[in-house]
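Next come the chains, spelled out residue by residue.
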Amino acid sequence: MVGMTDSAAGQADPREEILTIVDEHDEVVGEAPRAEAYARGLRHRCVFIEVRDARGRLFVHRRTPTKLVFPSRYDMFVGGVVGAGESYDDAALREAQEELGVQGLPRPTPLFKFLYDDGAGHSWWSALYEVRCDLPVDPQAEEVAWHDFVTDDELERRLGTWEWVPDGLDAYHRLRAFRAA
């Protein structure tokens, strides 16, 4: 990942990744390591990618318990932070390929941007994308504890029973409204 350093175990430490810090208008105001951005509630940039397989089913996964934000929760998007100096489009492709464990994925199609702010210190500009993945997936073990491709009906049934990441759930409702308009 952009701006990451290697830890003693040889794994990149996501807390050290350098993020672009932005204001409420998505204008750059500085940079900070991810851990500092999270601890201080600094607004940064993220990407959300809706992934569907050849049958139109949606990729859903449960995050690992070691994730810095929303550990062990379910998500209907892959994605993550945009590194310093990285574009939303480049981050969307990188994050989708990393989390799905694939190479040669088509470039995700941008749909819209929105400001996510839960009022409790989690705030980021979010670019939402979609992509079709016809490749066999092998999700990144550090990011994904469980995964499956589910139908839209199955997802709807699980919305009230699984514990979802709040930003992903917000993005999902915005995407439904966007498609309905």
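For clarity, every value in this text was computed on a predicted model and none was experimentally measured.

Participant: Could you give an account of the environment of G30, with specific residues and numbers?
Facilitator: Looking at the element boundaries, G30 is found in strand β2 (residues 28-33). G30 gets classed as partly exposed once you look at its relative accessible area, which sits at 24%. Contacts of G30, omitting those with residues within four sequence positions, involve L19, T20 and I21.

Participant: So, the side chain of R45: which residues are in play, and what are the values?
Facilitator: Take R45: it is sitting in strand β3 (residues 44-52). Of note is the side chain of R45, whose polar atom sits 2.8 Å from the side chain of D26. Among all residues touching R45, those that are not within four sequence positions of it are T20, V22, D26, V28, G80, V81, V82, Y88 and W125.

Participant: Which residues make up the side chain of D53, and what values do they have?
Facilitator: By secondary structure assignment, the location of D53 is in the loop between β3 and β4 (58-63). Among the polar contacts made by the side chain of D53, one reaches the main-chain amide nitrogen of R55 at a distance of 3.0 Å. Within polar-contact distance, the side chain of D53 engages the side chain of R57 at 2.6 Å.

Rules of the game
Residues numbered from 1 in each chain as written. Predicted model: local features only at pLDDT ≥ 70, side-chain atom pairs only at ≥ 80, totals over all residues. Heavy atoms only, no water. Helix = DSSP H or I, 4+ residues; strand = E, 2+ residues; numbered from the N terminus. Buried < 20%, exposed > 50% of the residue type's maximum accessible area, 1.4 Å probe, protein only. Contact = heavy atoms within 4.5 Å. Polar contact = N/O pair within 3.5 Å; in protein donor to acceptor, adjacent residues only side chain to side chain.

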